[in-house]
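Listed below are the residues making up each chain.
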Amino acid sequence: MKERAVETRSSMPEARLSAVPVRLENVTKRFGSFAAVDNVTLVIPAGKLVTLLGPSGCGKTTTLRMIAGLEHPTGGRIWIGDEDVTALPASNRSVTMVFQSYALFPHLTVHENVAYGLRIAKLPETEIARQVAGVLELVGLPQVGRRYPAQLSGGQQQRVALARALVMKPKVLLFDEPLSNLDAKLRKRVRAEIRELQQRLGITSIYVTHDQAEALALSDVIVVMNLGRVEQIGAPTDLYRKPASRFVADFIGEANLLTGTYREGQVTVGPFTFPFRQESVAAGPVTVLARPEAVTVQTDGAGLPGKIRTAFFMGMTNEYLIETPAGELTATEPIRARGLLSMGTEVRLQFDDTGLYLLSESTESPASTGSSESAP
Amino acid sequence: MARALTVPIARASPNITLIVWGGLTLLGTLLLSWARIGRDLFAFVPGSIGLQLLRESPVMSGITAVAALVVLTGALQRPESQRGRIALWLGAAGCALSVFYLVSSGQPFGPAAIVAALGFLAIMGTGLALSGTLRTDAFLATSILWVGAFVLAFILFPLWAVLKASVVVKGQLSLAAVTSVLKSPAFFLLNNPASSRNEAAIAAALGLVTAAVVGIVWLAHRRGWRALRAAAVAGVGIWVLAALYLGFGALRNSVLLAIVVGVVATALGFVFALLSERSNLRTRSLLGPLSILPIITPPFVLGLALIYMFGRRGFVTNGLLGLSTGIFFGPLGVAIAQILAYAPIAYLVLQGVVQAMDAAMEEAAETLGASRWHILRTVIWPLARPGIANAFLLVAIESLADFGNPIIVGGGVPFLATEVFFAIIGRFNPSEAAVYGVVLLAMTLSIFLVQRYWIGRRFYVTVTGKPSGAQHRPLPPALDYAASGVFLAWVVLIVALYGSVFIGSITKLWGFDYALTLQHIKALSPTGWQVFWTTARLSAYAAIPSTILGFLIGYLVTRVEFPGKSALEFGSMLSFAVPGTVMGIGYILAFNQGALLLTGTSLILVLAFVFRNMPVGIRSGIAAILQIDRSLEEASTMLRANSPTTLRRIVMPLARAALLSGLVFAFVRAMTAVSQVIFLITPAHNLATTQILSYVEYGSLGRGAALASLLTLFMIAVILALYAVNRRFDTRTVGKTLMT
Ligand SMILES: Nc1ncnc2c1ncn2[C@@H]1O[C@H](COP(=O)(O)OP(=O)(O)OP(=O)(O)O)[C@@H](O)[C@H]1O
Ligand SMILES: [Mg+2]
C-alpha cells in the first residue's frame, strides 16, 4: 500500500506550503454551570500532529468540536492561521473531521461519499472523479468506489472516512478517536498509515484519544488534559521523561510513584539513599517517579530492599510486583538467563538515571502551558 | 453605493439571501393583491396591489421602503453581524407595518399579505442568524420563525378566540354566558326537582360514609395521617361518582361515558396485549389488521353499524330476536361504539407494558421464589400502573372529544362535544358554544398534561428500560383460551359491524327488504362522488404541508437549540389534545371577519387538517430523526454543506420511510376527520364524513353506508399501498403513530 501511495503523491497538491497553525486563547465551554473545557490556551503548530490526551470526560472531544465549529465556546477565541474563526459556522472553516463512528453516509456509495464535499463546492464532474480516484488510491482503496459503506470492513470504512476528509484539502484535519472501533492489530497498522500520510502531506492535524500508547506513537506534540484543563504540553519523550505532575506521570506510560527526599544530589527512598542530580527541584520532600524499566532487580548487593509479591512472564519481559518499605512498585526486565524469580524472593532494587524523575511537592497542579507555547 | 461606507471592509461580499428575500417581498408587495373579494385566494383584485396603494396609504409606502432597504442592506459592504442586526430590525418593522396595514384596512387578506408576512419573517430569521443572536443558519432561523408564526396563528389564536368568546358577550366582558351555561340543567343538574329524593344529599351521604369507613380501616392499620388523606380521597371520589351517576346533563353524560369507555377499553386492550405478547394460539395473528381497522375509519362508522345490527329494525334485535328496541340509541350505544373503536388504542399503549412486565415477572419469580400474589402486588402492578393509566387517559380524551358517535347513536342525549355543535348550529349562540368548548378543553387539556408530563415520562422510562429479547413466557392455557375467547368475541362483533355497513350499502332497505341492489352506490353520483373526491383532494393538499411542517418541527426540536423550543414543541403538540369541535369553533370564531376572514374558503379546511394532523408528522419525524446518527449531519456540515443541503441530501433520504408513512397517516386522518371541520364546511366544500352524517340524519342510511364503505375500502387500499412500498412496516407502528 505504501508504494502505491507514494506513486500517487502528485494527485494531492503540496499541502505543506499552506499549512497553518491553530491557536486557542482562554477557551471555555460551559454546559449549564459545569465547565467541560476550562480556560484552555494552546497552539497547534503548522503542519504538526497534536494529540489531545486525557481520561474520559476531560473535555477532549468538546475542545475538538469547538475547533471544528460544531460547538461554540462560552468564552475565549479560536484562530486558524491568522483568521479568528470563533464566530464562523462549521461549514466555513476549511476544517474536516474523521469521526469516531466514521459517519459515512449509508445511502451513498463510497465514491459519492468522498465526492459529497466536492459536489457541494460545485466542482465539475470530471474533476470530482479525478480527485476522488486520486484520494482513494492514496488511502489504498482504489477498487471500492461503487460499494456502499455497509459492504466494507471496519478498517476500510475508516480509510474512506479519512479520504472524504482529505479530499477537501482542509487547512486543519481533526480526528476524534478514529481507531477505537478497530481491533488491536488493525489499530496499530492504521495508526502508522495515518502518521505516514499526515507527515507526507504536512496537514495540521489534531487527534483526540484516551489511549496514551497511541498518543506516544503518533504525535509531534501531546496535550494532556484533565478536568477540562491543560495539564501539560510537550513532545512525547518530554512528557514521558519529565512529566510536570503526578497526574501526567501516572497517565503516560507505567509509573511507580514513591515518596522520598532530595538533598544535594542525593535521593532517599525508604532506607535506601543513592546519588541523583536534578536541577529543577528544590531540596526537601519529593515524589520519585521511577519507570518500571528503570528499576533493576538484583538478588543481592546494595539497593532498596523488597520482596516479590507476584511475578509475570510477559513474553519479551518479566514483570514483578515488589513490596518495599517505600511502597509497592512494578519492575520490568528483559528476560535474562536466570529466568523468572519466584514469589517471595528477597531482592534489592537499583534505579537507572534515565527513567528517574523527581517531582517536588509544589508541582502537583502546575500551570504548565509554558513549555511548548514557543513552538513555531 | 460604496460611497456610503467610510471604511470599506474588504471581505464582506453582498449577502444573496437578504437580497433575494428583500426582492421577493418587494415584488410581492407591489404586484400582488393585498385584499381579496370572496373566497378565491388567488383572484386578482383590481386596485388593491401595492403599486396602486402607494399613493393613498403611507403605511404601504413604509412597507415597500422597508423591503427596498433590505435589498440595499444585502448589497452594501458591511460586516455580517452589523448587517444581521439591521436586517433583524427591518424585518420586524416590516412585519409590524404589514400587520398594521391589514388590521386598519379591515379587508380580507390577499396573496401579497402572505408574501409580505413570510418574507419579512424570513428577513428577521436571516438577521437573527447573521447577527449571531441565534446560533443557527438563516434557513433554520427562518424555519423557527415561520413555524412559530404558524403555531401562533392557527393553533393558539383560535383557542384564544374560544376563550375570549366565552367571556365576551356582545363586546362586553361578562360572565353571563359562563354562569348561564354552568347553571343550565342541560349542562349539569344534580338535584332533580321532579324526583322525590334529594340527589345532592344522597351523594354527599355516600361520600361521607365512604370517607368514614376508609378512615377507620386505615386507622386500624395504624397509618396515622395517611389514613386521613386516604379517607378524604375516597370520600371525594365516591361523592363525585355518585353525583355524576345520580345527576343529569351533558357534563355528567360525557364524564361518565369517558370513565366507562376508558375502563372497559383499557381492560380489553390489556387482554389483547397479553394475547399479542404471550399467546400460543393462532388467533393472535388477527390482532394486527383488525386493530388497525377502527383507527383508519371514522369512529362513527361503528355507530352507524350499530344501528344496522341493533337499532329498531336492526338485523340482530329485530331480524333475529324480533324486538323493536331503542335501547341502543343513547349512552349505551355510544359507549359500545366507542369501546369497540378505542380498545385498539389501549392495546397499542399496553402492548409495551406487557412486554416490560414479562421480564420482570420471570426474574422476580425465579430468583426470589416469592408467591405469585406477592409478585403481582409488588412488581407487576407498580410496573404496569403508569401504562394502564396512560391507556385509560388517552381513551378518555378520545371519548370526550368524539363527536360522530354521540350524534349518530346518541339519541338526542346531550354530550359536551355535541352541545358545542348544537349551540352554534341549532341555537346560534357562539358564546354558549364557547363555554361548552372551554369546559371540554379544560378537561382534555388537563388529562393531556397529566398524561404527558407525569405518567408519560414514567411510562417511557419503564418501557425503554426493558432488556430487549426477553423470553416470553406463555400464558397458562386456561387464561390463554379465556383471553382468546374475549378477543374472538370482539373480532366477531367488529367483522359483523363493518360487514353490515358493506352489506347495507348494497341492500335495498335494511330491516325491511334485504334484496341486493346497486341503487345506493348509483345514488352516490353525482353528489357523493364529488364530495368524496373533494375530500381526497383537500386531504392530499393538507397532507403535504402537515408532513413537511411536522418533520421540520421534529428536526428543530431534536437537533437545534433555540430559546422558546419547549414552547414551540408544546404549542405544536397541543392540537392533539384539543377536541375537534373546540378547534372547529376556534376556527370559525377566529377567521370569521376582518383581515383574517377565511371561512367559506377551502383554504380553511386545508389549514384545519394541517394543524390538526401535524403532531402525527412530528411524531414520525422525531422517531426517524432519532434513529439517524447525529455525526452524519455533522460530517455533512464539515464538508461545507449548509443545513438545507444536509436536510435534503442526508436526513430526508435516510428518513424517507418515516416521511412517507407520515404523509399517508396525515392523509388518512384528514380523510376521516369529522368534528374539526363540521362547522367549516360549505355546500361548495362538503366532505365525505360530514356527508355521511347528513345522509344518516336525513334517513338515507343506504347511501350513508355506501359512502362509508367507499371511504373504508379506500383507506384500506391506501394503507396497503403504503405497506407495499415500505417493507419495514408493522401494524403497531401505524397505530402508534396515528393515535398515541
Ligand atoms: N452537550 C452536553 N451537555 C452537557 N454536558 C456535556 C455535553 N457534552 C459534553 N458534556 C460533558 O462535558 C465533559 C467533557 O465531555 P467530552 O465529550 O469533551 O469528554 P471526552 O474528553 O471527549 O471524553 P471521552 O474520552 O469519554 O470521549 C463531560 O463531563 C461531558 O459529560
Ligand atoms: Mg470524546
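In what follows, the structure referred to is the one given above.
Read on for an overview of the structure. (Residues numbered from 1 in each chain as written. Chains lettered and ligands numbered in written order. Predicted model: local features only at pLDDT ≥ 70, side-chain atom pairs only at ≥ 80, totals over all residues. Heavy atoms only, no water.)

## Some thoughts on the site of ligand 1
Residues and elements named next belong to chain A. Around ligand 1, the neighbouring residues are Phe31, Phe34, Ala36, Ser56, Gly57, Cys58, Gly59, Lys60, Thr61, Thr62, Glu177 and His210. One nitrogen or oxygen atom from the main chain of Gly57 is found 2.7 Å from an oxygen atom belonging to ligand 1. Residue Glu177 places a side-chain N or O atom 3.4 Å away from an oxygen atom belonging to ligand 1. Burial of ligand 1 by the protein amounts to 59% of the accessible area it has alone, namely 630 Å². Of all the secondary structure elements, the ones that give two or more residues to the shell around ligand 1 are strand E2 (34-44) and helix H2 (60-68). For the shell around ligand 1, the residue count by class is four nonpolar, six polar and two charged. (Near = heavy atom within 4 Å. Polar contact = N/O pair within 3.5 Å; in protein donor to acceptor, adjacent residues only side chain to side chain. Areas by Shrake-Rupley, 256 points an atom, 1.4 Å probe, with all protein chains shown as cover. Helix = DSSP H or I, 4+ residues; strand = E, 2+ residues; numbered from the N terminus. Nonpolar A, V, L, I, M, F, W, Y, C, P; charged D, E, K, R; others polar.)

## Section: the interface of chain A and chain B
At the interface, 25 residues of chain A touch 19 residues of chain B. Considering only the side of chain A, the residues that lose the most area to chain B are Ser91, His107 and Tyr116 of chain A, jointly responsible for 27% of the buried surface there. Connecting chain A to chain B are one salt bridge. For Glu634 of chain B, the salt bridge is made with Arg65 of chain A, and the minimal N-O distance between the two is 2.7 Å. For the interface between chain A and chain B, the tally reads six residue pairs in polar contact (both at pLDDT 80 or more). Listed by contribution, the elements that provide at least two residues to the side of chain A that touches chain B are H2, strand E6 (95-98) and helix H3 (110-120) of chain A. For the side of chain A that touches chain B, the element with the most residues is H3 of chain A, which contributes four residues. Class assignment for the residues of the side of chain A that touches chain B results in 14 nonpolar, seven polar and four charged. (Contact = heavy atoms within 4.5 Å. Buried area = accessible area lost by both parts, 1.4 Å probe. Salt bridge = Lys/Arg side-chain N within 4 Å of Asp/Glu carboxyl O.)

## Structural notes on the sheet that holds strand E11 (residues 256-263) of chain A
Residue and element names in this part refer to chain A. Strand order in this open sheet of five strands is E13-E12-E11-E14-E20, and the pairing throughout is antiparallel. In the strand order of this sheet, the two ends are held by strand E13 (272-275) and strand E20 (356-360), each with one partner. Within this sheet the neighbouring strands show an average axis-to-axis angle of 35°, counted without direction. Sheet analysis places strand E14 (residues 284-290) next to E20, joined by five bridges and oriented antiparallel. Bridge pairing links Thr287 to Leu359 in E20. (Pairing = 2+ DSSP bridges. Axes fitted to C-alpha atoms, helices over the stretch in contact; angles between N-to-C directions.)

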